[in-house]
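# Close look at the chain arrangement
Each chain, letter by letter, is given below.
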Amino acid sequence: MQIWKSRRARIAIGATVIGVVGTSVPLLAHAGADRPIEASLRTDKGSVWYSGGEFTLRNASGSANANWRLEFDVPEGKFANYGEWATKTTQKGTRVVIEPKAGQSIAPGSTLTIGYGVQGDGNKPLSVTGCSLDGAEVKGCTGGGHEEGGEEEGGEEGGTPDKQAPTTPQQVTGKAVDSTSAQLKWNASTDNVGVTGYDVYQGKEKIASVDGKTLEYIASGLKPQTSYTFTVRAKDRAGNTSPDSAPVTVTTEKAPAPSEKKRWLTGYWQNFNNGAARQKLSDVPSQYNLIAVSFAEAAPESGSIGFKLDLAGTGYSSVEEFKKDIAAQRAAGRKVVVSIGGEKGNVLVTDAASATRLADSTYRLMQEYGFDGIDVDIEHGSLNATHMADAMRKLHQKAGDGLVITAAPETLFMLPSGVKEERSYLNFALKIKDILTIVNTQYYNSGSMNGCDGKVYEQGTVDFVASQACAVIQAGLPPEKVGLGLPATQQAAGGGHMDPAKVNDALTCLTDGKGCGTFKPTQTWPSLGGAMSWSTNWDATNGNRFAELVGGHLGTGKR
C-alpha cells in the first residue's frame, strides 16, 4: 500500500498485553543512581495451563535509558515475551533475560510495558520467580508475585492484605451482532480498593480480559445459528475475583445465503499522519463496511507482529478510546482488521515457524483490540505464498469461521502468468480461497499491462481495471472474492487515480456489461466482491466522495 508523502518514523517502546491484569508487585529501582528505572510487575492468578503478566518499567530520571537488564526464572512451562518488537529475550534453562532491542530507549518520564505468557502442560502451577532488575532484588517476586503483604503487594493501606473480592457483575446482557459474533454488556462492579478488570467466559473457558473501565465485549469466531452461554467475573489489583455473573445465552444469526452476501467497501485507515486528514475510527463514513487498520509493526522475530497506536497522528487520547471505537464499528455490523506490511512494512513469513508466529501474534492482537482478522499487504515481492497460506490456515484454526482475511496486492503480483511463483498473490489467494474474504488488488502505480483479452491498457482507466479483474476471475478466484482497489485522491498515489464515478463504471462493466470502455468482458459476474480505497483519510480530504459514490453504488451503507 503506497503511503506517499512522508510517513513519520515510529519506534514502539511499549508492548501490547493480552488480558493480564491483577496483582501488583514492586521491583526495586535501577541500581545506577544516575539513570534510575522504576518497575512493577502484574500477574494474573493463572492456572496450570496458562499464566500471564506484565512488567512496566518507568524512567524516573531526566535522561533516556537504553541499558537495562531484567532477569527472572520460569520454573515450569513455555515462556513467551509479547513485547519482542521492542525488546530481546534470551533463555538458558529456566532463566530468562529481557533487554532493550538495539536503538530502543525509554525517554524521561516514559514507560515500557512488557507483556508475557507462560503456557503449561496442565500438571504443575506456573509462576515467575527470582526477579531482578540490573542485579537488584525484586521484592515479592518469589512465587510469581503473590506474596501477601502491604499495599505494594496488592493490600490495603496500613499493611493489611486485601482479600475482599469485587461484587458480582450485574445486568449482563447479550445480543447477536451477526452470524459469527455476539455483543455482551454489563454494569460495573464495585470493590473496596478498586476493580481493575473483567474476565469474560464462554462456558468454562476464559476468552477475554478487559480493563476495569470497559463494560462490554464482542465475542467473535462463533458458528452461525448456534447458542453460546457467557459469564463475566470482576477482579481487583490483589487478584481477588468475584463470583460468576448470571449466565447469558446468545444465539448467533443465520449465515447469509450466497445471494445475500454483502459487498465490501474496504477503506484503509491510517495509524499515522502523512498529510491526509487525521481521523479516529468513529470519523470513518459508514459506507466503509470493512476497515483495515494500517499498519501492524513487525517484531524482531520473523513473522511476529505487534501494534502501537499513534496517538498524536490519529487524534486519540488513549488506547482504550481506540478499542471502544473498534467495538462500536463491530456492533454496527462492520468489520475491522489489522493490516500487515504496506509500502514500508516488512513482515517476513518464510517457514513454518514464522507462519506459526504470525498466526499466534495476530490472534493475540485480535483478542486484545477486538480485530476481526487480518489484511495481508506485503509488498515488493516479499510474499511467500505457501507459508503465508499456512499462517492463514493456522490463524483460522484459532479464530474460527468468523475470521476475516483480506489482501491488497500490487497489480504485478496478481498476474495469471506468474501464478506458480511463490511471490504471487494470486497463488496465495487460490490456496486459501475457501477461507478468504476478499482480495483488493491495487490497480494503481502499475503503468500499462495486458488484460484478460491480451490487449494492453493504461492504468487510471475503466479498461485497465476491468480487464485486470477479469483476468483474476478467469484464473480461478471466485468473483465474490475480487475487489477493485483504487486511490481515493490523486495525492494518495503516484498514478492510476480514477474519479469514483469511473470506479463505478468499472464495477458495472464487470457485473452487468454496461459502462465499459474499449474492453468488454465476454461474460459478467454479478457477485463481484466490491472495491477498496487508499485511504479513508485521503477520502476525507475530498469530502468522502469515494465513500459516497462507490459505497452508494455497492449499497454498503449510509452516513
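Notes on the structure in this doc start here. Since the structure is predicted, the reported quantities are computational estimates derived from the model, not experimental observations.

### Some words on the overall build of the protein
If you tally the helices and strands in the protein, you get nine helices and 29 strands. A total of 559 residues make up the protein; the buried ones form 55% of that total. Pairs at least 24 apart in sequence give 72% of the contacts found in the protein among residues at least 6 apart.

### Some points on the state of the cysteines
Counting across every chain of the model gives two disulfides. Linked covalently through their sulfurs, C452 and C470 form a disulfide whose S-S length is 2.2 Å. Taking the sign of the S-S torsion, about 95 degrees here, the bridge from C452 to C470 comes out right-handed. Of the two residues, C452 sits in the loop between β26 (448-450) and β27 (456-458) while C470 sits in helix α6 (residues 462-474), which places them 18 residues apart along the sequence.

### Quick notes on the sheet that holds strand β23 (residues 373-378)
Read around the barrel, eight strands follow the order β18-β19-β22-β23-β24-β25-β28-β29 and close on themselves; strand pairing throughout is parallel. Taken pair by pair, the neighbouring strands of this sheet meet at an average axis angle of 25 degrees, ignoring direction. The pairing of strand β19 (residues 290-294) with strand β22 (residues 335-342) spans five bridges and is parallel. Considered in β22, the bridge of S294 is made with S339. With respect to the sheet, helix α9 (residues 545-554) is in contact with β18 (264-270), β28 (482-487) and β29 (530-534), its orientation differing from that of β18 by roughly 155 degrees.

### Considering helix α4 (residues 385-399)
Over its 15 residues, α4 runs 21 Å from end to end, which matches the ideal 21 Å to within 8%, given 1.5 Å per residue. The complete set of buried residues in α4 reads A385, M388, A389, A391, M392, L395, H396 and A399. Looking straight down α4, one finds its buried side chains confined to an arc of 155 degrees; they lie on one side. In this structure, the buried side of α4 is in contact with β22, α3 (352-369), β23, β24 (404-407) and α5 (425-431).

### Points about unusual backbone geometry
Here the bond from S294 into F295 is cis, since omega is 10 degrees, no more than 30 degrees from zero. Counting through the fold element by element, F295 comes out in the loop between β19 and β20 (297-298). Residues other than glycine seldom take positive phi values, yet Q225 does so here, at roughly 50 degrees. Inspection of the secondary structure puts Q225 in the loop between β15 (216-219) and β16 (227-236). You will see that N544, though not glycine, has its phi angle at about 60 degrees, which is positive. Counting through the fold element by element, N544 comes out in the loop between α8 (536-540) and α9.

### A short note on helix α7 (residues 500-512)
The first and last C-alpha atoms of α7 sit 18 Å apart over 13 residues, in line with the 18 Å expected at 1.5 Å per residue. Turning to α7, its buried residues number three or more, namely P500, V503, N504, A506, L507, T508, C509, L510 and T511. Lining the buried residues of α7 we find α6, β28, β29 and α9. If you check the start of α7, you find a side-chain oxygen 2.9 Å away from the backbone N of A501, and it comes from D499. Backbone geometry just downstream of α7 places G513 in the positive-phi region, at approximately 75 degrees.

### A short note on the packing of aromatic side chains
Throughout the structure, instances matching the rule amount to 17 aromatic pairs. For the pair F307 and Y369, a centre-to-centre distance of 5.3 Å together with 75 degrees between the ring planes defines the contact as edge-to-face. Placement of F307 in the loop between β21 (305-306) and α1 (311-314) and of Y369 in helix α3 is noted, with a sequence separation of 62 residues between them. Y369 carries the same exposure label as F307, and that label is buried. In this structure, R233 packs its charged tip against the face of Y201, placed 4.2 Å from the ring centre. Above the face of the Y369 ring, K323 is positioned so that its terminal group lies 5.3 Å from the ring centre.

### So, the sheet that holds strand β17 (residues 248-251)
Taking strand neighbours across the sheet as the criterion, the four strands line up as β14-β13-β16-β17 in an open arrangement whose pairing is antiparallel. At either margin of the open sheet sits one strand with a lone partner, and together these are β14 (205-211) and β17. Pairs of neighbouring strands in the sheet enclose a mean axial angle of 30 degrees, with direction left out of account. Inspection of the sheet shows strand β13 (residues 195-202) paired to β16 by seven bridges, in the antiparallel sense. Residue pairing across strands places Q202 opposite F230, the latter belonging to β16.

### So, the pattern of salt bridges
What the rule picks out here adds up to 18 salt bridges. Here E320 and K323 are joined by a salt bridge, their closest N and O atoms 3.5 Å apart. Placement of the pair is E320 and K323 together in helix α2 (residues 319-331), with a separation of three residues, close to one helical turn. Through salt bridges that share partners, R69, E71, D73, R95 and E99 make up one connected network.

### Overview of the packing of α6 against α7
For the pair α6 and α7, the least separation of the axes is 9 Å and the interaxial angle reads 40 degrees. In this view, α6 runs oblique relative to α7, as classed from their interaxial angle. Between α6 and α7 lies a crossing whose hand is right-handed. On α7, the residues that touch V462, V465, A466, A469 and C470 of α6 are K502, D505, A506, C509 and L510.

### Comments concerning the nonpolar core
The biggest cluster of nonpolar side chains holds 80 residues, and the ones touching the most others in it are F322, L358, F371, M388, M392 and F428. Broken down by element, the residue count for this core peaks at eight residues, all from α6. Not counting the four nearest positions on each side in its chain, M392 is found in contact with L358, I374, V376, L403, I405, F428, I432 and I435. In terms of nonpolar packing, the next biggest core, distinct from the first, is built from 21 residues, F55, L57, L112 and L126 among them.

Here is what the cut-offs are and how they apply
Residues numbered from 1 in each chain as written. Predicted model: local features only at pLDDT ≥ 70, side-chain atom pairs only at ≥ 80, totals over all residues. Heavy atoms only, no water. Helix = DSSP H or I, 4+ residues; strand = E, 2+ residues; numbered from the N terminus. Buried < 20%, exposed > 50% of the residue type's maximum accessible area, 1.4 Å probe, protein only. Contact = heavy atoms within 4.5 Å. Disulfide = S-S within 2.5 Å. Pairing = 2+ DSSP bridges. Axes fitted to C-alpha atoms, helices over the stretch in contact; angles between N-to-C directions. Expected span 1.5 Å × (residues − 1). Arc of directions from axis to C-beta. Polar contact = N/O pair within 3.5 Å; in protein donor to acceptor, adjacent residues only side chain to side chain. Phe/Tyr/Trp six-rings, centres within 6.5 Å; stacked < 30°, edge-to-face > 60°. Lys NZ or Arg CZ within 6 Å of the ring centre and 35° of its normal. Salt bridge = Lys/Arg side-chain N within 4 Å of Asp/Glu carboxyl O. Parallel < 35°, antiparallel > 145°, perpendicular 65-115°, else oblique. Left-handed = near helix turned anticlockwise from the far one by under 90°. Core = buried A, V, L, I, M, F, W, Y, C linked by side-chain atoms within 4.5 Å.

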